[in-house]
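Observations on the model geometry
Okay, here's what each chain looks like letter by letter:
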Amino acid sequence: MLTTHLLAASTVGAGTPTTDRVIATVAAVVALVGAIIGGVALARSTSRARGGSRGPVFALMAATIGAVAGGFVIVTADGGPGTGNGIVGGYAALFLGLTGVVLGGSALARGRAGRRA
């Protein structure tokens, strides 16, 4: 009976887009954009940062939105990978979002410290 239950749980095809998979994918992309912008802002020299703190703030916002949406997908998932619940994308969004928050926050803190000096 257990084997039958496990086989019945995977009724969605691997390439079938479900609502949860789409939400998780969009969350992962938003979090990735936040992480990239945060990394670029952190790599930039404080002397060259003439645009203020828009990059790090945008990175923080995008990464936080991606991480929260990924966490929502993880919390509401009914099954594991392969069930169509977007759990893999949710974990990817959560990881990338937290990475983006750290990078954006570091860039914002470094930029503020550079302006005080």
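See the structure above.
One structure accompanies this document, and this report is about it. The shown structure was predicted, so the numbers you read here are calculated from the model rather than taken from an experiment.

What follows is about the overall build of the chain. Of the regular secondary structure elements, the chain holds four helices and zero strands. Of the regular secondary structure in the chain, the N- to C-terminal order runs α-α-α-α. Each of the 117 residues in the chain was classed as buried or not, and the buried ones make up 28%. As displayed, the chain offers around 7,200 Å² of accessible surface, 69% of which is attributable to carbon and sulfur atoms.

Another point: the side chain of asparagine 85. One can find asparagine 85 in the loop between helix H3 (54-76) and helix H4 (87-116). Assessed through its relative accessible area of 12%, asparagine 85 is described here as buried. Polar contacts involving the side chain of asparagine 85 include one to the side chain of threonine 83, which spans 2.8 Å.

What follows deals with a nonpolar patch on the surface. A grouping of Val29, Val33, Val57, Phe58 and Met61 is seen on the molecular surface, where their side chains present a nonpolar patch of about 410 Å² in accessible area. Every element with two or more residues in the nonpolar patch is listed here: helix H2 (19-43) and H3. At three residues, H3 tops the list of elements feeding residues into the nonpolar patch. As for its placement among the helices and strands, methionine 61 is situated in helix H3.

Take the packing of H2 against H3 next. At a closest axis distance of 7 Å, the pairing of H2 and H3 adopts a crossing angle of 155 degrees. Here H2 lies roughly antiparallel to H3, going by the angle between them. H2 and H3 meet at a crossing whose hand is left-handed. Here H2 contributes Asp20, Ile23, Ala24, Ala27, Val30, Ala31, Val33, Gly34, Ile37, Gly38 and Ala41 to the contact with H3, which in turn contributes Gly55, Pro56, Phe58, Ala59, Ala62, Ala63, Ile65, Gly66, Ala69, Gly70 and Val73. Taken together, the residues that form the contact of H2 with H3 break down as 16 nonpolar, five polar and one charged.

Each turn of an α-helix holds 3.6 residues, which means side chains three or four residues apart point in the same direction. Taking 1.5 Å of rise per residue, the 23 residues of H3 would be expected to cover 33 Å, and the 33 Å separating its terminal C-alpha atoms lies within 8% of that figure. If you check which residues of H3 are buried, you get Pro56, Ala59, Ala62, Ala63, Gly66, Ala67, Gly70, Val73 and Ile74.

Moving on to the side chain of arginine 21. Inspection of the secondary structure puts arginine 21 in helix H2. Buried and unpaired, arginine 21 has aspartate 20 as its nearest opposite-charge partner, separated by 8.4 Å. With sequence-adjacent residues up to four places away left out, arginine 21 is seen in contact with Val12, Gly13, Ala14, Gly15, Thr16, Gly82, Thr83, Gly84 and Gly86.

On to H2. Taking 1.5 Å of rise per residue, the 25 residues of H2 would be expected to cover 36 Å, and the 36 Å separating its terminal C-alpha atoms lies within 8% of that figure. The set of residues buried in H2 consists of Arg21, Ala24, Ala27, Ala28, Ala31, Gly34, Ala35, Gly38 and Ala41.

Cut-offs and rules
- Residues numbered from 1 in each chain as written.
- Predicted model: local features only at pLDDT ≥ 70, side-chain atom pairs only at ≥ 80, totals over all residues.
- Heavy atoms only, no water.
- Helix = DSSP H or I, 4+ residues; strand = E, 2+ residues; numbered from the N terminus.
- Buried < 20%, exposed > 50% of the residue type's maximum accessible area, 1.4 Å probe, protein only.
- Areas by Shrake-Rupley, 256 points an atom, 1.4 Å probe, with all protein chains shown as cover.
- Polar contact = N/O pair within 3.5 Å; in protein donor to acceptor, adjacent residues only side chain to side chain.
- Patch = residues over 30% accessible without salt bridge, like charges linked within 9 Å, V, L, I, M, F, W, Y side chains within 5 Å.
- Salt bridge = Lys/Arg side-chain N within 4 Å of Asp/Glu carboxyl O.
- Axes fitted to C-alpha atoms, helices over the stretch in contact; angles between N-to-C directions.
- Parallel < 35°, antiparallel > 145°, perpendicular 65-115°, else oblique.
- Left-handed = near helix turned anticlockwise from the far one by under 90°.
- Contact = heavy atoms within 4.5 Å.
- Nonpolar A, V, L, I, M, F, W, Y, C, P; charged D, E, K, R; others polar.
- Expected span 1.5 Å × (residues − 1).
- Lys, Arg positive; Asp, Glu negative; His and termini not counted.

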